[in-house]
Amino acid sequence: MSDTTDSSRRKFLKASAAVVAAIPLSTLVARKHAFAKAEAEEGHAHDYVHDAADAADHNAFQEGSRCENCAFWAGEEADGWGGCHHPDFHDVLVRAEGWCDVWVG
Ligand code: SF4
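Anyway, here's the lowdown on the structure attached to this text.

Cut-offs and rules
- Residues numbered from 1 in each chain as written.
- Predicted model: local features only at pLDDT ≥ 70, side-chain atom pairs only at ≥ 80, totals over all residues.
- Heavy atoms only, no water.
- Near = heavy atom within 4 Å.
- Nonpolar A, V, L, I, M, F, W, Y, C, P; charged D, E, K, R; others polar.
- Salt bridge = Lys/Arg side-chain N within 4 Å of Asp/Glu carboxyl O.
- Buried < 20%, exposed > 50% of the residue type's maximum accessible area, 1.4 Å probe, protein only.
- Pairing = 2+ DSSP bridges.
- Helix = DSSP H or I, 4+ residues; strand = E, 2+ residues; numbered from the N terminus.
- Core = buried A, V, L, I, M, F, W, Y, C linked by side-chain atoms within 4.5 Å.
- Contact = heavy atoms within 4.5 Å.

A closer look at the site of the ligand
Here is step 1: Taken together, Cys67, Cys70, Phe72, Trp73, Cys84, Phe89, Val94, Cys100, Val102 and Trp103 are the residues near the ligand.
Here is step 2: Of the residues belonging to the shell around the ligand, the class tally is 10 nonpolar, no polar and no charged.

As for the pattern of salt bridges
Here is step 1: Inspection of the entire model under this criterion finds one salt bridge.
Here is step 2: A salt bridge links Arg66 to Glu68; the shortest N-O distance between them is 2.7 Å.
Here is step 3: For Arg66, a relative accessible area of 28% puts it in the partly exposed group.

Notes on the sheet that holds strand β1 (residues 34–35)
Here is step 1: Read from one edge to the other, the open sheet built from four strands follows the order β1-β4-β3-β2, with strand pairing classed as mixed. Of all the strands in the sheet, the pair left with one neighbour each is β1 and β2 (73–78).
Here is step 2: Pairing of β1 with strand β4 (residues 92–95), which is carried by two bridges, proceeds in the parallel orientation. When the sheet's bridge partners are listed, Ala34 is paired in β4 with Val92.

As for unusual backbone geometry
Trans is the prevailing form of peptide bonds, just as negative phi is the prevailing case for residues other than glycine.
Here is step 1: Within the chain, His46 stands out as a residue other than glycine whose phi angle is a positive 60 degrees.
Here is step 2: Inspection of the secondary structure puts His46 in the loop between β1 and β2.
Here is step 3: Of note, the phi angle at Asp47 is positive, near 55 degrees, even though the residue is not glycine.
Here is step 4: Its place among the elements puts Asp47 in the loop between β1 and β2.

Description of the nonpolar core
Here is step 1: With 11 residues, the main nonpolar core is built from Tyr48, Cys67, Trp73, Trp81, Cys84, Phe89, Val92, Leu93, Val94, Ala96 and Cys100.
Here is step 2: Among the elements of the structure, β3 (81–84) and β4 are those that each provide at least two residues to this core.
Here is step 3: Once residues lying within four places of it in the same chain are set aside, the contact partners of Phe89 are His44, Ala45, His46, Tyr48, Cys84, Val94 and Cys100.
Here is step 4: In terms of nonpolar packing, the next biggest core, distinct from the first, is built from five residues, Val49, Ala52, Ala55 and Phe61 among them.

Focus: the pairing of β4
Here is step 1: By the bridge criterion, two bridges tie β3 to β4 in an arrangement that is antiparallel. Bridge pairing in β4 links Trp81 to Arg95.

On their own, these measurements won't tell you what the molecule is for.
What follows is the structure in structure tokens.
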């Protein structure tokens, strides 16, 4: 291979690396869920709240129950937010500390 070809390849690779480095990581990681809306905001299914403590007066609330210990909890994805296997929450993230009235222990 000639020196000219190697030089062109090196320039191309450097330029490509610079372009990739300039793309914010957030644009590469597509968010697959929106966040659930708490009842106090616009209302979401099953009286969901971001903080289980806000549901303490709910007649279905059991002491200590929260999303992260619910049978529907799908695990944390980032920053205290995670997925939920319940069909009514399939397209949103819920808070690990959240709660809703279909909580199952
Ligand atoms: S079903 Fe369970 S994990 Fe899903 S929002 Fe309700 S309490 Fe949270």
